[in-house]
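What follows is the residue order along each chain.
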4 protein chains.
Amino acid sequence: MRIAISTGGGDAPGLNAVIRAAVLSAVNRGWEVLGVKRGYAGLLGEDEVVFLTKESVRGIAHLGGTILRTTNRGSPFKYPVKQPDGSFVEVDRSDELMENARQLGIDAMISIGGDGSLAIAKQLCDKGMKIVSVPKTIDNDVAGTITTFGFDTAVNTAIEAIDKLHTTAESHDRVIVMEVMGRDAGFIALHAGVAGTADVILVPEIPYDVAKVCEKIQARDRAGRHFSIVVVAEGAFPRGGESSTLGPSMPGQARRVGGVAEVIAAEIQQRTGKETRSLVLGHLQRGGMPTGYDRLLATRFGGAAIRAIAEEKWGEMVALQSPHIVTVRIEDVLAEEKRVEPSHDVVLTARAMGISFGD
Amino acid sequence: MRIAISTGGGDAPGLNAVIRAAVLSAVNRGWEVLGVKRGYAGLLGEDEVVFLTKESVRGIAHLGGTILRTTNRGSPFKYPVKQPDGSFVEVDRSDELMENARQLGIDAMISIGGDGSLAIAKQLCDKGMKIVSVPKTIDNDVAGTITTFGFDTAVNTAIEAIDKLHTTAESHDRVIVMEVMGRDAGFIALHAGVAGTADVILVPEIPYDVAKVCEKIQARDRAGRHFSIVVVAEGAFPRGGESSTLGPSMPGQARRVGGVAEVIAAEIQQRTGKETRSLVLGHLQRGGMPTGYDRLLATRFGGAAIRAIAEEKWGEMVALQSPHIVTVRIEDVLAEEKRVEPSHDVVLTARAMGISFGD
Amino acid sequence: MRIAISTGGGDAPGLNAVIRAAVLSAVNRGWEVLGVKRGYAGLLGEDEVVFLTKESVRGIAHLGGTILRTTNRGSPFKYPVKQPDGSFVEVDRSDELMENARQLGIDAMISIGGDGSLAIAKQLCDKGMKIVSVPKTIDNDVAGTITTFGFDTAVNTAIEAIDKLHTTAESHDRVIVMEVMGRDAGFIALHAGVAGTADVILVPEIPYDVAKVCEKIQARDRAGRHFSIVVVAEGAFPRGGESSTLGPSMPGQARRVGGVAEVIAAEIQQRTGKETRSLVLGHLQRGGMPTGYDRLLATRFGGAAIRAIAEEKWGEMVALQSPHIVTVRIEDVLAEEKRVEPSHDVVLTARAMGISFGD
Amino acid sequence: MRIAISTGGGDAPGLNAVIRAAVLSAVNRGWEVLGVKRGYAGLLGEDEVVFLTKESVRGIAHLGGTILRTTNRGSPFKYPVKQPDGSFVEVDRSDELMENARQLGIDAMISIGGDGSLAIAKQLCDKGMKIVSVPKTIDNDVAGTITTFGFDTAVNTAIEAIDKLHTTAESHDRVIVMEVMGRDAGFIALHAGVAGTADVILVPEIPYDVAKVCEKIQARDRAGRHFSIVVVAEGAFPRGGESSTLGPSMPGQARRVGGVAEVIAAEIQQRTGKETRSLVLGHLQRGGMPTGYDRLLATRFGGAAIRAIAEEKWGEMVALQSPHIVTVRIEDVLAEEKRVEPSHDVVLTARAMGISFGD
């Protein structure tokens, strides 16, 4: 038995722990494991395919990043190929990938990735590849699983940042707007905001007005709390209206990505007259040592992926349905959107405690 | 409406976040909140009862400990009363407690605690007190909820310790035996051991032989890995037998508490000849700043407790059944034992990766 | 004896530990301590003056921020006073301050702050106020002392950030440019860059060319290291020249503040074709819990300030001249500029290890 | 030019950063570097000698432990050799070591270690080996240098532990006695105790009575502070006398090592009647990721050691004399004892703040 592992999409803390658990579990069964470098690039002759042994995965469980490296680009079905004039054309190279996998003697694959990687896995599965997926998303926006590794680390990084900003905001009577990841799903902003005791939380799923945000800040001011912390997801643009120069935040509408904190901070300062600063956490959320929660979950996923292969669960994704790891069909995962539910208890508790969502 | 909050049993990171969420949620409803100091001592005239306002809970979400202090002693139904000769006699003071609560105008209570506190809550409920419970246990041994606050922090503390011991064990070719909390349930040892990449994990739920532990250590030695990390739950004593001088570890049998690491380390050193050290994490697992996970979960529990009171769910406990907070009947919680299930996926994955359970 | 304490300038981790040590030391001598809120605003009727007791400083040693709050504005000698037309005029309110201090019975003051606060302290001293200063600067740019509290915390925050960016840069074959504090002095960039194993470090004290930075990045690429980490101080703008569209970085010349990372990242991406991202650490460096080093140093400064008052060392600043705390004359401190010395061993070692300074 | 590096004595965070800086600095000069495994064992045929390249030291700066491993045993001048009857006899194997070094073409050596290693380095130097030392001690007890790497990490680990114990001590009205490293020198106890706001600090350099410790605890109790934190160095045994059943703590007298916390805790509980717990931090202080301070200092030492070799400073030790790295003669270092000075400002400030030293 010879299996291969690839990691696709953005970096997430815990990737190495998945790889380590899968490799150790497989090698102890007597299987061979190949590592495909940089997404599927290794299977298209654009990067390496290497043997993964017990030695390869020694001491990596607590390291961020991925020993296989990763990439955000290049579905094998729409692979960007450079033309003589320098432009790129998307080419279907999936047959080539299948053929290379066959020649390497790959019996089955573990694909670790988010929605994009899951869609590719489904397509490869339909072409006959025996594939099991492991969900990976910083944003917690993959359906079918309670959560995935990397999210807890990102939330903790964001909470630590809020804790740091809190003390300096309070010392200086400032408003600080902190932008966290989350283009479509506001889970990081919500969880970090509530745990970090932010005063305002802005997520893509709940349309908001900056005017309401300012009301909250001013109400705090009147109550003697001269500082405020606003946490905003990168995809949470304010609702349009006379009082705002900004575009819409309704789901499905075009929006700029990044920079929302700066825009909102400027508007808050103008409206309230309070000194307001913004900060973008950015890639700090993707890197570094995974938390204990993520190390354990990633390890469980890696082990479960090997069991799923042994049980020939092709086209399925390992998933956490607490307290158990299960498998679900990739197509079911892709059919569903996972977003912050405005009626979820975290939102209700936040509102009850006086946190504003700007609505 | 006037409610009261008490915290009983051992300290757990997140207690203050529960109190804060409950107080803010209640005060925003227009309710008054009393804090009962040191378990129920405040309602027996042995400590204070204080008003909890927004100001009382400012800036405490990330602090360990409990502003209400706590105690492991003193069920009001079996309250230890000192006699003239210095000895203690257990007295039922529950009527006095009910009367004091009535005089203070307490309409409902939130009791935060573990199995012991839950049993008391059930008894008080039977006497007519309107009570809602919030589960608290470092060990994760309260049934009815996927987990409770404090456990994630304790696991992370244990993982950090393993990480530290790992480097020094490897530098010195040593065996290190680290003892974590868990008298009856081995969840901390299991989760920290797997996430921290221990080589041997010993839990009360899986009987083991030190001889088998030594075999694992020696197999590693032969493979060029001259160090080993053993994580042992405080209640995991080795199975008796010819090869051991130690007592039984079977559930239900008498056992010493504490010191298991030292005992096992001595036996490992004697059997293998390898330099072996032991370390007891002890109270480091109970204290300090809660992790993001625990801060959020504790906050959710605090908010949910207030909603449960509003819905008059007397005799129920808030619980995490991911992704939702629900309530369950206290008597159902008490009827069930929550332990590490030897067939659970975490154990299976650990075994598949080569971790030994000494069996 | 009645003394007062004020904190001026930007926030720095350790301020509360200074205040706590000074208050406890003073109260144990039988002195009274007043806290002046928001720089000198409390002594100008624009904010409060409060009594500081043992109770006031309980449990604050490890908290970031300052219980006295602070401000970057408002020398009492050039106090911004709002005019009827909305504009501000700077007014000398120092006589008013002296009079208020006299009426409050203040015998001596501790002024905690950076270069700006030290200059004010000197002026007040010249007017007859009995003052002792405690140096405070995130940037480590106050002369006369080996270092000050807050700097170690800022460096550790920056190192943690580099560690996080490292893994994601490596996974994605990216260049990441991280901007840290340091308008005039590059100590944070230098110390964090060397300890965090950055590949390029850019400081205001060493003029550099982006072309040289790109050479380093490309040399790494050729050696199979497809990622690079560049740490840049906020005041380190590249040297002008044909190869650069950017302004000068020579000391004394006008320069923009902030945004240097973004500018450099754009130029690196354009020149090397490598995917390049930037990140501004910003206020994360000012906030949060001080490190052990800073907690100890701040405490020592607080204790030393009280001894300096007892010894009537007016016009002096407490300072670390390892292993001792000494006092130095404020005017001597102000006469000297503390900057990264290009011949210092940290720079030499960095160069020897292959780190580029872009020169 | 071919140099060799060895690490001796106990593990200390930062060892790998020293090795990395030395290797990169040397290789960039065109030198070859050998790594001697396990102290000098590698030069006595009992372990390996390996080539250290840039690749060997990649990504190790932030890892605890040492890639060369280490040992507490075995001066080559008194090497323990096992006899046929199982006993050990100490044999002078230094000629063999010199000869092996000659055959390996070693031109100069870097010896990283504490007092024991320094003494061996001096002896080897006297035999003609060209040697430069780098000081290493968790306890900060090597003279001639303001501090060494590893100490700051150990102090931070101890402070974190105190922070954790603080919250649980306060919640439960307990006394907690925490034992830290320091057989002869109490620097860890002193620095961690002051920064962590302990109530009592016990060090080997200041003789104390448990009766005085109990007075402090009881005075706090009367003032409404029902908990206390006692930090004790492992070598700080209480002064004998009528009031104590324990042995002497006077320097130079025989004393047990380890277990002092347990002994003191028992006595405190007996005398005060307060619930008292003890905890031994042990090896947690030696392991794990070095702090930023230690990463920088270790890197500076590694770079300076290479410069010292280039300048042929045989028999010297690199040292921190802030803000510079210098070299000092090993024999001068060995001639001096570095201990906590009872008149040092840290002690004075601690006393002024009300911390008891039990004297």
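Residues numbered from 1 in each chain as written. Chains lettered and ligands numbered in written order. Predicted model: local features only at pLDDT ≥ 70, side-chain atom pairs only at ≥ 80, totals over all residues.

Trainee: Quick rundown of the interface of chain D and chain C? Include the residues and the values.
Mentor: Counting residues at the interface gives 37 residues for chain D, matched by 38 residues for chain C. Elements with a minimum of two residues in the side of chain D that touches chain C: helix 1 (15-28), helix 4 (151-172), helix 5 (187-195), helix 8 (292-310), strand 13 (324-329) and helix 10 (345-353) of chain D. When residues of the side of chain D that touches chain C are assigned to their parent elements, the largest contribution, nine residues, is made by helix 8 of chain D. (Contact = placed C-beta atoms within 7 Å. Helix = DSSP H or I, 4+ residues; strand = E, 2+ residues; numbered from the N terminus.)

Trainee: Quick one: what's the story with the relation of the copies chain D and chain C, residue by residue and with numbers?
Mentor: Rotating chain D by 180 degrees about the axis while translating it 0.0 Å along that axis superimposes it on chain C, leaving an RMSD of 0.0 Å. Both chain copies can therefore be described as sitting about a two-fold axis. Minimal C-alpha separation from the rotation axis in chain D is found for S322(D), amounting to 3.1 Å. Looking at the interface residues of chain D, 100% of them are also at the interface in chain C, so both copies use one shared face. (Least-squares fit on C-alpha atoms with pLDDT ≥ 70 in both.)

Trainee: Go over the sheet that holds strand 9 (residues 200-202) of chain C, please, and point to the residues and values.
Mentor: Residue and element names in this part refer to chain C. Reading across the sheet, the four strands line up as 9-10-8-11 and stay open at both edges, with parallel pairing between neighbours. The open sheet terminates on both sides in strands that have one partner only, identified here as strand 9 and strand 11 (276-280). Here the strands of the sheet are splayed against their neighbours by 15 degrees on average, with no regard to which way each runs. Across the face of the sheet, helix 6 (residues 210-222) comes into contact with strand 8 (175-180), strand 9 and strand 10 (228-233) while running at roughly 160 degrees to strand 10. (Pairing = 2+ DSSP bridges. Axes fitted to C-alpha atoms, helices over the stretch in contact; angles between N-to-C directions.)

Trainee: Which residues make up the packing of helix 8 (residues 292-310) of chain A against helix 10 (residues 345-352) of chain B, and what are the values?
Mentor: Contact geometry of helix 8 of chain A with helix 10 of chain B gives a least axis separation of 9 Å together with a crossing angle of 75 degrees. Looking at the two axes, helix 8 of chain A sits roughly perpendicular to helix 10 of chain B. Here T299(A), R300(A), G303(A), A304(A) and I306(A) of helix 8 of chain A lie close against helix 10 of chain B, whose contacting residues are D345(B), V346(B), L348(B), T349(B) and A352(B). Here the contact of helix 8 of chain A with helix 10 of chain B is built from residues that sort into five nonpolar, three polar and two charged. (Parallel < 35°, antiparallel > 145°, perpendicular 65-115°, else oblique. Nonpolar A, V, L, I, M, F, W, Y, C, P; charged D, E, K, R; others polar.)

Trainee: Describe the sheet that holds strand 2 (residues 32-36) of chain A, naming the residues involved and giving the relevant values.
Mentor: Residues and elements named next belong to chain A. One open sheet accounts for seven strands, arranged 3-2-1-6-7-12-13; its pairing is mixed. Each having just a single partner strand, strand 3 (49-51) and strand 13 (324-329) make up the two edges of the open sheet. Averaged over all adjacent pairs, the angle separating strand axes in this sheet is 30 degrees, with direction ignored. Pairing between strand 2 and strand 3: three bridges, direction antiparallel. Bridged to V36 within strand 3 is V49. Helix-sheet contacts for helix 1 (residues 15-28) involve strand 1 (2-7), strand 2, strand 6 (108-113) and strand 7 (131-135), and the interaxial angle to strand 1 is about 180 degrees.

Trainee: Go over the packing of helix 4 of chain D against helix 5 of chain D with me, naming the residues and quoting the values.
Mentor: All names here are of chain D. Viewed as axis vectors pointing N to C, helix 4 and helix 5 meet at an angle of 50 degrees, and their least axial separation amounts to 9 Å. Looking at the two axes, helix 4 sits oblique to helix 5. The hand of the helix 4/helix 5 crossing is right-handed. Packed against helix 4, whose contacting residues are F151, A154, V155, A158, I159 and I162, the element helix 5 presents F187, I188, H191, A192 and A195 at the interface. (Left-handed = near helix turned anticlockwise from the far one by under 90°.)

Trainee: Could you give an account of the interface of chain D and chain B, naming the residues involved and the relevant values?
Mentor: Opposite the 28 residues of chain D that make contact, chain B presents 28 residues. Elements with a minimum of two residues in the side of chain D that touches chain B: helix 4 and strand 11 (276-280) of chain D. Considering each element in turn, the side of chain D that touches chain B owes the most residues, ten residues, to helix 4 of chain D. The residue makeup of the side of chain D that touches chain B, split by class, is six nonpolar, 14 polar and eight charged.

Trainee: Could you give an account of helix 1 of chain A, with specific residues and numbers?
Mentor: Here helix 1 of chain A contains 14 residues, and its C-alpha end-to-end distance of 20 Å stays within 8% of the 20 Å for a straight helix at 1.5 Å per residue. The element helix 1 of chain A is extensively covered by neighbouring structure, given that twelve of its 14 residues are classed as buried. Every buried residue belonging to helix 1 of chain A is among L15(A), N16(A), A17(A), V18(A), I19(A), R20(A), A21(A), A22(A), V23(A), L24(A), S25(A) and A26(A), and all of these are buried. Where helix 1 of chain A is buried, its residues meet strand 1, strand 2, strand 6, strand 7 and helix 8 of chain A together with helix 10 of chain B. A positive backbone phi angle near 90 degrees is found at G30(A), which sits one or two residues after helix 1 of chain A. (Expected span 1.5 Å × (residues − 1). Buried ≥ 20, exposed ≤ 12 C-beta atoms within 10 Å, placed from the backbone.)

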